[in-house]
Amino acid sequence: MIDCFISALHHLQPYLANGIKEIELPSVEPFLMDELSLSLTGGPNGYTISLKEMMIYGASNFSMSKLKLSENGKPFEAQINIPSLKINARYQSSGVLIILPASGNGTFFGQFDDLDCMLKGKVSVNETSGERYLHVDALHVDLTVKKMRMMVKNIFKNNRILTEAINLFLRENGQEVFKVMLPQLRKKLAGLFMNISNKLLAHVPLDVFYVPLAKQTS
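The model shown is predicted, which means the values in this text are computed figures rather than measured ones. Starting afresh in each chain, residues are numbered from 1 along the sequence in its written order. Note on the predicted model: pLDDT of at least 70 is required for a residue's local features to be given, and 80 or more for side-chain atom pairs to be given and counted; whole-chain, interface and lining totals, by contrast, use all residues. Excluded from the side-chain calculations are hydrogens and water; all other atoms, namely the structure's heavy atoms, are used.

K.L.:
Any chance you could explain the environment of leucine 67 here in plain terms?
P.N.:
For leucine 67, the position within the fold is in strand 4 (residues 63-68). Relative accessibility decides the category of a residue: with a 1.4 Å probe and only protein chains considered, values under 20% of the type maximum give buried, values over 50% give exposed, and everything between is partly exposed. Residue leucine 67 is classed as buried on the basis of its relative accessible area, which comes to 12%. A sequence separation of 13 residues divides leucine 67 from isoleucine 80, and the C-alpha atoms of the two residues are 9.1 Å apart. Secondary structure elements follow DSSP: runs of H or I no shorter than four residues count as helices, runs of E no shorter than two count as strands, and numbering proceeds from the N terminus.

K.L.:
Looking at this structure, I do not really get unusual backbone geometry. What am I missing?
P.N.:
Glycine aside, residues mostly have negative phi, and peptide bonds are mostly found in the trans state. A positive phi angle, close to 60°, is found at aspartate 114, a residue other than glycine. Its place among the elements puts aspartate 114 in strand 8 (residues 104-128). With a phi close to 55°, asparagine 154 is a non-glycine residue in the positive phi region. Its place among the elements puts asparagine 154 in the loop between strand 9 (131-153) and helix 2 (160-172). Residue classification places asparagine 154 among the partly exposed residues on the basis of a relative accessible area of 44%.

K.L.:
I keep staring at the side chain of asparagine 167 and nothing clicks. Help me out?
P.N.:
Inspection of the secondary structure assignment puts asparagine 167 in helix 2. Accessibility expressed as a relative area gives 10% for asparagine 167, which makes it buried. Discounting residues that sit within four places of it in the chain, asparagine 167 has contacts with Met150, Met151 and Val152. Between two residues, a contact is recorded if the distance between any of their heavy atoms is within 4.5 Å.

In short, the description is geometric, and any link to function would need to be established separately.
In structure tokens form, the structure reads like this:
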């Protein structure tokens, strides 16, 4: 069953970016993340940035390396790797950064490479028209990222000094910015992977997973 499900996911993976009409799965490229407001320094003139219209690219290009099914009421576990996630967003800032008034707006770009995602969740079995189907009821995602890069452009009418100051701050404080993004990113990826899994599971009866792969392809 485990090898069958992993094989099915990897077979569908190249088609996820454009969506799969046969299983009613819309395109997952890009997906939208809600606005983030990040308070990065304290004080009355603390530096705050807001990221709006956040478009996330790359989540469909994943691979699953491990799957442990639910047993005795314990959650199932899966290990997924995403080579790269890219974020494009509108950027707004206010306050003082170092010694510079840093209020302005522009565009934000983030790239997060080699993400390892540990998924834990619960499943149930539903019966429809005499067939039994698995359904993912809840999913939690933990993330680690090996490498990241964030930068802004076109800040306050292309103010070069302010742009360089903000980019220096993002380079030196990337992990802190990522920590603020992380709760929402985990939630969004959990919803994405739940949707993909349930669209697939809703079209494959539970009994099919117990058929050996050799017999399915013979």
